[in-house]
Amino acid sequence: MMAAAALRPHKAPPARVPTRWVAALCAACFLLGICVVNRYWPVPEHPGCPDTASSDHSRAALNQVSQTREVIMALDKTISDIEMRLAAARAAQAMSQGMSPSDSEDDQGSMRHRMSFVMGVFTTFANRKRRDSIRQTWMPQGHQLRSLEEKGVIIRFVIGRSENPNPDNEVDRAIDAEDKEYNDILRLNHVEGYGGLPMKVQMFLSTALTMWDADFYVKTDDNVHVNIGITRSILARHRMKPRVYIGCMKSGPVVTKNDSKYYEPDHWKFGTEGNNYFRHATRQLYAVTRDLATYISANRHILHKYSNEDVSFGSWLIGLEVEHVDERSLCCGTPPDCEWKAQAGNPCAASFDWNCTGICNPVERMTEVHRRCWEGRGAEGHTQF
């Protein structure tokens, strides 16, 4: 393996677009705007009648304000377009050279270790017992978690911050203490609950990209049982593809009644009443390749967020050249379903109860699900690779 690595030609780090170019392009756009304003700025005539002159001056002033506003809006749109093109160009250059699109300028001289996948287990402040039930079952702890990372797998609980973070805030202090004890929590620079789950998913991808270079970025919830080894095997089958979106693909009716939990305020965008959503992965566990995660991160400010997380995520990819992989082992039921499938030679990567959008009563039942459906049942250790 070392000989093969030695035979590979050394790849020079990709040429980066200097930050100063961005400033220069923005300045050029601004100067262009000034030229446009000066070229077309109306020069009011001064007729003899004082009343007419006053009226013309008013109209000229209004025209000037209107034209200035249009120029500013055009410049703003141009600058945003340039920033998006530069981000896309940097990502494309990095990927063509085998480097992470999220590598910072300080990393240009050396490539970070490529991970198989980064999994974010979404949780909230109130769900400490759920996190503990996962730590006691399918998620390794201590040296086993570090060993898993050496094998290319990162797993972290994902949580934001309180609305008023400060040293005396008990909620933030409790999470900080928990992370100090287990070292398995990824804190987002995001107010927990603000903007809903779609924004939290975007912040997770942005944060994970800056910290780890991985083939896939995976999202799951703290009421789902996961078999890490099987998940890794499924993702490995698609790692050579550039743009892949993996999950249990579904499509359901667009909810138009505002008293429903799943009410969609933008239901009119999907056509007449009774229409279905486009195909998208169910929220319990899904994954995307690195360049798709980079695309979502780079464009998160202009990607529309629907009321449901999974619909939002699917919509961000619907217009791209993306391979949708419908992987049913990512949405097995709890025992006996996952147990029967394992016995039939089709072990499950993720198990939950559809009617609860996760395992019903996960704190009490996670241990039972793990005992009956774990990929390494009968073997010691957490995960078998």
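Quick caveat, the model's predicted, so the values are computed rather than measured. (Residues numbered from 1 in each chain as written. Predicted model: local features only at pLDDT ≥ 70, side-chain atom pairs only at ≥ 80, totals over all residues. Heavy atoms only, no water.)

## Overview of empty space enclosed by the protein
And step 1. By the definition in use, this model includes 2 cavities of 30 Å³ or more.
And step 2. Put simply, the largest cavity is a space of about 50 Å³.
And step 3. Mapped onto the lining of the largest cavity, the elements with two or more residues apiece are helix 7 (196–211), strand 4 (213–221) and strand 7 (280–289).
And step 4. The calculated volume of the second largest cavity comes to roughly 30 Å³.
And step 5. If you trace the second largest cavity, you find it lined by Val254, Thr256, His267, Phe270, Gly271, Thr272, Glu273, Gly274 and Asn275.
And step 6. The residue inventory of the lining of the second largest cavity, partitioned by class, reads 2 nonpolar, 6 polar and 1 charged. (1 Å grid on protein atoms, 1.4 Å probe; cavity = no way out; pocket = protein on both sides within 12 Å on 5 of 7 lines; lining within 4 Å. Points joined across faces, edges and corners; volume = space filled by probe spheres on them. Helix = DSSP H or I, 4+ residues; strand = E, 2+ residues; numbered from the N terminus. Nonpolar A, V, L, I, M, F, W, Y, C, P; charged D, E, K, R; others polar.)

## So, the sheet that holds strand 8 (residues 323–326)
And step 1. On the basis of which strands lie adjacent, the open sheet formed by 7 strands has the order 3-2-1-4-7-6-8 and mixed pairing. A single partner strand is all that each edge strand has here, and the edge strands are strand 3 (185–191) and strand 8. Strand-to-strand twist in this sheet, taken as the mean axis angle between neighbours without regard to direction, amounts to 25 degrees.
And step 2. Strands in contact with helix 7 are strand 1 (114–122), strand 2 (153–161), strand 3, strand 4 and strand 7; relative to strand 3, the strand with the most contacts, it is inclined by about 125 degrees.
And step 3. In the packing of helix 8 (residues 228–236) onto the sheet, the strands contacted are strand 1, strand 2, strand 4, strand 6 (244–250) and strand 7, and the crossing angle to strand 1 comes to about 125 degrees. (Pairing = 2+ DSSP bridges. Axes fitted to C-alpha atoms, helices over the stretch in contact; angles between N-to-C directions. Contact = heavy atoms within 4.5 Å.)

## Remarks on unusual backbone geometry
And step 1. In the segment running from Pro335 into Pro336, the intervening peptide bond is cis, with an omega of 15 degrees.
And step 2. Residue placement: Pro336 occurs in the loop between strand 8 and helix 11 (337–343).
And step 3. For Asn183, which is not glycine, the phi torsion reads 55 degrees and is therefore positive.
And step 4. Looking at the secondary structure, you find Asn183 in the loop between helix 6 (170–182) and strand 3.
And step 5. Taking the relative accessible area as the measure of exposure, Asn183 reaches 42% and is therefore partly exposed.
And step 6. The residue Asn361 is not glycine, and still its phi comes out positive at about 50 degrees. (Buried < 20%, exposed > 50% of the residue type's maximum accessible area, 1.4 Å probe, protein only.)

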